[in-house]
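# Report on the structure
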Amino acid sequence: MGKLFIISGASGVGKSTVLKKVMATRPDLQFSVSATTRDPRPEEVDGVHYYFVTNEQFEKMIAEDAFLEYDGHNMKWYGTPAKQVEEKLEQGHVILDIEPVGAFNVRAKRSDAILIFIEPPSWEELERRLRSRGDTSDEQIAMRLERAKWETEQKSKYDYVVVNDQVEACADQILHIIAQADMK
Ligand code: 5GP
């Protein structure tokens, strides 16, 4: 059985870039693909980044108790398919990229989950990164910054906090945490 790693961090903190590096170094790590009702971004592939589903499909999955956890975020649903996580854990370590509410809900069910929080180097840098994405209005950026503040207040409940100042260094710290867990 592998271990379950949960990575959280505000929108724009660079989680997916860091995770890409981590997973390129450790191809044995498996990414848990969440279901969401939000629209795909241009570079996103169904079944790779998310399962993009309708509200009806999501509600059906809730009714079938198919989620390890699920939560509403930015007016959309996000959920971790339970069966997929169980099957992947049989093959090795699994990484979930989910926000704090989901992270704590998973930990309530699986106390052995390892929670890692990624922090931005500064609020100014987070705002700059959000703006450079180009897919967010001023109003959405303000909402995301508010949410980021709340998420960052949760960091003391995580097992590890890493700062994404340099992608390479941040990925290295996460790889180190995983390597330490390997030895336990
Ligand atoms: P985005 O829309 O930018 O891909 O993700 C928005 C937020 O939803 C991120 O903080 C991400 O970690 C979180 N998220 C992604 N998948 C899940 C999930 O399955 N469950 C929960 N609770 N949060 C998720």
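A brief look at the structure comes next.

Definitions and cut-offs
- Residues numbered from 1 in each chain as written.
- Predicted model: local features only at pLDDT ≥ 70, side-chain atom pairs only at ≥ 80, totals over all residues.
- Heavy atoms only, no water.
- Near = heavy atom within 4 Å.
- Polar contact = N/O pair within 3.5 Å; in protein donor to acceptor, adjacent residues only side chain to side chain.
- Areas by Shrake-Rupley, 256 points an atom, 1.4 Å probe, with all protein chains shown as cover.
- 1 Å grid on protein atoms, 1.4 Å probe; cavity = no way out; pocket = protein on both sides within 12 Å on 5 of 7 lines; lining within 4 Å.
- Sits in = over half its atoms within 2 Å of the grid points.
- Helix = DSSP H or I, 4+ residues; strand = E, 2+ residues; numbered from the N terminus.
- Nonpolar A, V, L, I, M, F, W, Y, C, P; charged D, E, K, R; others polar.
- Core = buried A, V, L, I, M, F, W, Y, C linked by side-chain atoms within 4.5 Å.
- Buried < 20%, exposed > 50% of the residue type's maximum accessible area, 1.4 Å probe, protein only.
- Contact = heavy atoms within 4.5 Å.
- Phe/Tyr/Trp six-rings, centres within 6.5 Å; stacked < 30°, edge-to-face > 60°.
- Lys NZ or Arg CZ within 6 Å of the ring centre and 35° of its normal.

Turning next to the site of the ligand. The environment of the ligand is formed by 15 residues, the closest being Ser 34, Arg 38, Tyr 50, Glu 69 and Tyr 78. At a separation of 2.9 Å, an oxygen atom of the ligand approaches a polar side-chain atom of Arg 41. A distance of 2.7 Å separates an oxygen atom of the ligand from a polar atom in the side chain of Asp 97. For the ligand, whose unbound accessible area comes to 510 Å², protein coverage reaches 95%. More than half of the atoms belonging to the ligand lie within 2 Å of the grid points that define the largest pocket. Every element with two or more residues in the shell around the ligand is listed here: strand E5 (67-73) and strand E6 (76-81). By residue class, the composition of the shell around the ligand is three nonpolar, five polar and seven charged.

Grouped together as the largest cluster of nonpolar side chains are 26 residues, with contacts concentrated most on Val 22, Ile 116, Ile 118 and Ile 174. Secondary-structure elements contributing two or more residues to this core are strand E1 (4-9), helix H1 (15-25), strand E8 (114-119), helix H5 (123-133), helix H6 (138-153) and helix H7 (167-182). Apart from the residues within four sequence positions on either side, Ile 118 is in contact with Ile 7, Ser 8, Gly 9, Ala 10, Val 13, Lys 15, Val 18, Val 162, Asn 164, Cys 170 and Ile 174. By size, the runner-up hydrophobic cluster in this structure holds 15 residues, among which are Leu 4, Ala 82, Leu 96 and Leu 115.

What follows covers the packing of aromatic side chains. The full count for this structure, using the stated rule, is nine aromatic pairs. An angle of 75° between the planes, with centres 6.2 Å apart, marks the rings of Phe 58 and Tyr 70 as edge-to-face. Of the two residues, Phe 58 is situated in helix H2 (residues 55-63) and Tyr 70 in strand E5; the sequence distance between them amounts to 12 residues. Overall, Phe 58 belongs to the buried group, its relative accessible area being 0%. Positioned above the aromatic ring of Trp 123, the side-chain terminus of Lys 149 is 5.2 Å from the ring centre.

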